[in-house]
Every structure is written in structure tokens, then in C-alpha cells.
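Residue strings, one per chain:
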Amino acid sequence: MALVPCQVLRVAILLSYCSILCNYKAIEMPSHQTYGGSWKFLTFIDLVIQAVFFGICVLTDLSSLLTRGSGNQEQERQLKKLISLRDWMLAVLAFPVGVFVVAVFWIIYAYDREMIYPKLLDNFIPGWLNHGMHTTVLPFILIEMRTSHHAYPSRNSGLAAICTFSVGYILWVCWVHHVTGMWVYPFLEHIGPGARIIFFGSTTILMNFLYLLGEVLNSYIWDTQRRRGHNHKRESWLN
């Protein structure tokens, strides 16, 4: 895909996330007024991650256009730092957390929506906004992965980072329960302490799996692209 369409696409996705966040924050829900506010929900944290990530993508595109042909080594050094940050964010946060939110939300929703997204919320959150938070995240991140190559960090450092995020969020959820006496997600009220430990452990393992999935998918997409490009050049040379 050409550079300019990619830039426009990233700007459009960034604006959509800004719109979703603004509309979500404008909703006057009781849970927004309690301890932790919106920040106790992984969905909201993920929206912020995605918005920041695509903001960095747009900034990288702009910097690339301004740096191209300038010959300024300092600008090129700063651009490389931006690209490294962009790639790290996709690998460690945007892809695994985004896919986790979409997959876990809809699996639990299909089983019993009252456990994750009670019907009461339909009075506050319109359907399009729900899909903006829990559905479009997946195609957006896959589009980004498909249109730009991302260099993944070393596997050990990447897994350590996603584990740190997962454990940090679990501790935050437990702290909110300690302070308020209420679990962030309704289904946690209906399972025992042992089942909660198993659930939290399973989510951490799933996050690690999704990190590895992103790494494999990224390699597959771009290895295939390279093979196609090589074959095309070979055919052109033979002709």
C-alpha cells in the first residue's frame, strides 16, 4: 500500500479513537464516579493504549516525510527512536491487549452478557460505541500490522513487559476491590477465591500467548510479502 494512503488511514483511525474516548468520557455512568473512575476498566485502558499508539504512528509518518531527503543525522536518529517506540508499543501493548479485550469480552458476552456487560449499560452506552470499544480494535490493529513492518523486541524482554502489564492490572483490580468492596467485573463476584486465582493466572498466560501470536503473525505477513516481492522481481528479470 502506498505511503500517503497509509498516513490517511492512520489519521482516520486516530480520530476515531479520539471520538470514542470523548463520547465514552461524556457518559454519566455511576461506575465513572466511583474509586478508580474509568481507569479501572481494561477496555478504557486499551482505548488509551490504541489512541497513543496510533498517535505515535501518525507522528512517525509526519517525521518520516519531513526527514526524507534532508540528510540531517539528528532528525534521522530521532525518527529511528520514534519507529522503535512505535514497534515496541504494537508488540507489547497494542496487539496483545487489544486482541485480549475483543476476544475475552465477546466470549463472556456470548456466554452470559450479565457477567461482563449488563443490559443496564444499554441505557448509557449506544451500540455503535460498544462496538467501537470492543470490536473495531481488532481490524484496526490488523490493518496496521498489514500495512507496516514492525520489528519485535527480543522475546524475553517482550514477554517480561506484557507479564508486568498483566500482573500490574490484576493488582490494580484487587486493590479497587480492597478499597471499595466491589469487583470491577460482575462475574468476579460469583466465583470463589480459588477460581479467581485460576482466572487471573489464565489471563496472564493468554496475554503471553497473544504476544507470541502477534510475533508469529507479523513475521508471517512480512515474510510472505518479501517472497512475493522476490518472485515478482525474478519474473520481471526472466521476462
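Residues numbered from 1 in each chain as written. Predicted model: local features only at pLDDT ≥ 70, side-chain atom pairs only at ≥ 80, totals over all residues. Heavy atoms only, no water.

## Topic: the UniProt feature "transmembrane region" (unreviewed entry) in the protein chain
As annotated in UniProt, the feature "transmembrane region" (unreviewed entry) corresponds to residues 42-67, 88-108, 128-145, 157-178 and 198-222 in the numbering used here. In this annotation, residues 88-108 is assigned 100% helix and 0% strand; the end-to-end C-alpha distance for the span is 29 Å. Taken end to end, residues 128-145 is 89% helix and 0% strand, and its two terminal C-alpha atoms sit 24 Å from one another. (UniProt positions renumbered as here; feature names shortened; annotations may be inferred. Helix = DSSP H or I, 4+ residues; strand = E, 2+ residues; numbered from the N terminus.)

## A few points about the state of the cysteines
As enumerated under the stated definition, the model contains zero disulfides in all. A disulfide-free cysteine, Cys6 has its sulfur positioned 10 Å from the sulfur of Cys57, the nearest such atom. Considering cysteine sulfurs only, Cys174 is the nearest to Cys163, which forms no disulfide, with 16 Å between them. (Disulfide = S-S within 2.5 Å.)

## Notes on the side chain of Thr204
As for its position among the elements, Thr204 is in helix α8 (residues 193-238). Once you skip the residues sitting within four places of it in the chain, Thr204 turns out to touch Cys163, Ser166 and Ile170. (Contact = heavy atoms within 4.5 Å.)

## With respect to the environment of Val92
On the secondary structure map, Val92 appears in helix α4 (residues 73-112). Through-space distance from the C-alpha of Val92 to that of Ile205 is 14 Å; in sequence the pair is 113 residues apart. Among residues more than four places away in sequence, those in contact with Val92 are Pro153, Gly158, Ala161, Ile162 and Tyr211.

## Looking at the pattern of salt bridges
Per the stated rule, a full pass over the model turns up six salt bridges. With its nearest N and O atoms 3.0 Å apart, the salt bridge here joins Asp87 to Arg86. Taking relative accessible area as the criterion, Asp87 reaches 5% and is therefore assigned buried. The exposure class of Arg86 is buried, given its relative accessible area of 9%. One continuous salt-bridge network, built from bridges that share partners, spans Arg10, Asp61 and Glu144. (Salt bridge = Lys/Arg side-chain N within 4 Å of Asp/Glu carboxyl O. Buried < 20%, exposed > 50% of the residue type's maximum accessible area, 1.4 Å probe, protein only.)

## Here's the deal with the side chain of Asp87
Residue placement: Asp87 occurs in helix α4. With sequence-adjacent residues up to four places away left out, Asp87 is seen in contact with His149, His150 and Ala151.

## Observations concerning the packing of α4 against helix α5 (residues 127-134)
Close contact between α4 and α5 brings their axes to 9 Å; oriented N to C, the two are set at 125 degrees. With respect to their mutual orientation, α4 and α5 come out oblique. When α4 is examined against α5, the residues Val101, Val102, Phe105 and Trp106 are found in contact with a partner set consisting of Asn130, His131, Met133 and His134. Looking at the contact of α4 with α5 residue by residue, the classes come out as five nonpolar, three polar and no charged. (Axes fitted to C-alpha atoms, helices over the stretch in contact; angles between N-to-C directions. Parallel < 35°, antiparallel > 145°, perpendicular 65-115°, else oblique. Nonpolar A, V, L, I, M, F, W, Y, C, P; charged D, E, K, R; others polar.)

## Observations concerning the nonpolar core
Membership of the largest hydrophobic core comes to 65 residues, with the highest contact counts inside it found for Tyr17, Leu42, Val97, Phe165 and Tyr185. Elements with a contribution of two residues or more to this core: α1 (3-26), α3 (42-67), α4, α5, α6 (137-147), α7 (155-180) and α8. With 16 residues, α4 is the single largest residue contributor to this core. Sequence-distant contacts of Val97, defined by excluding residues within four places in its chain, comprise Leu42, Asp46, Ile49, Ile162, Phe165 and Met207. (Core = buried A, V, L, I, M, F, W, Y, C linked by side-chain atoms within 4.5 Å.)

## A word on the environment of Trp175
For Trp175, the position within the fold is in helix α7. The class of Trp175 is partly exposed, set by a relative accessible area of 43%. For the pair formed by Trp175 and Gly36, sequence separation is 139 residues and the distance between their alpha carbons is 9.8 Å.

## Re the layout of surface pockets
Empty space within the largest pocket amounts to approximately 1,000 Å³. Elements with a contribution of two residues or more to the lining of the largest pocket: α2 (30-33), α3, α4, α5, α7 and α8. When the residues that make up the lining of the largest pocket are grouped by side-chain class, the tally is 34 nonpolar, seven polar and two charged. (1 Å grid on protein atoms, 1.4 Å probe; cavity = no way out; pocket = protein on both sides within 12 Å on 5 of 7 lines; lining within 4 Å. Points joined across faces, edges and corners; volume = space filled by probe spheres on them.)

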